[in-house]
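# Geometric and topological summary
Each chain, letter by letter, is given below.
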Amino acid sequence: MNHYETVFILNPVLSEDQIKETVKKYEDFLVSNGAKMVSKEDWGLKKLAYPIQNKKSGFYHLFEYTVPGDVINQLEVEFKRDERFMRYLTVSLDKHAVSWAERRRVKLKQKA
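The rules behind each value
Residues numbered from 1 in each chain as written. Predicted model: local features only at pLDDT ≥ 70, side-chain atom pairs only at ≥ 80, totals over all residues. Heavy atoms only, no water. Phe/Tyr/Trp six-rings, centres within 6.5 Å; stacked < 30°, edge-to-face > 60°. Helix = DSSP H or I, 4+ residues; strand = E, 2+ residues; numbered from the N terminus. Buried < 20%, exposed > 50% of the residue type's maximum accessible area, 1.4 Å probe, protein only. Pairing = 2+ DSSP bridges.

For the protein chain, an unreviewed UniProt entry supplies the name Small ribosomal subunit protein bS6 and the organism Thalassobellus suaedae.

Here it is in structure tokens:
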């Protein structure tokens, strides 16, 4: 099981329900393929650095999870097929990145 982090940007014209449905769909996809979700974060609507598909903002979300490596290709194929996704990035976390992510989550909990 490898540790991964995926950040994706959803289209800003989606309703709140559509966003929740999309996030839930892909979380369920990961879990059904053997992933263990470490954390999920909703970063909300943010302005983009440059226009994507003629849009100047998007809804950002972050998933951190452990999963076998072959599932990542399946996940990214699903992202490509779904028009609600504007961009996505999946990175494999090494031991230093995992500890940094844990410290970041602890800081966020202390602020809340």
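## Notes on the packing of aromatic side chains
Tallying each qualifying case throughout the model produces 9 aromatic pairs. Where Tyr26 meets Phe85, the ring centres are 5.0 Å apart and the plane angle is 90 degrees; that geometry is what we call edge-to-face. Within this pair, whereas Tyr26 is found in helix H1 (residues 16–32), its partner Phe85 is found in strand E4 (residues 85–92), the two being separated by 59 residues in sequence. Taken together through their ring pairs, the aromatic side chains of Phe8, Tyr26, Phe63, Phe79, Phe85 and Tyr88 make up a single cluster.

## Considerations on the pairing of strand E3 (residues 55–67)
Here E3 lies mainly inside the structure; 10 of its 13 residues are buried. Where strand E1 (residues 2–10) lies against E3, 9 bridges are found, and the strand directions are antiparallel. Pairing of Glu5 across the sheet is with Glu64, part of E3. Pairing of strand E2 (residues 36–52) with E3 involves 11 bridges; the strand directions are antiparallel. The residue of E3 that forms the bridge with Lys47 is Ser57. Counting the residues between successive antiparallel strands, the hairpin from E2 to E3 contains 2 residues, one of them, Gln53, with a positive phi of roughly 55 degrees.

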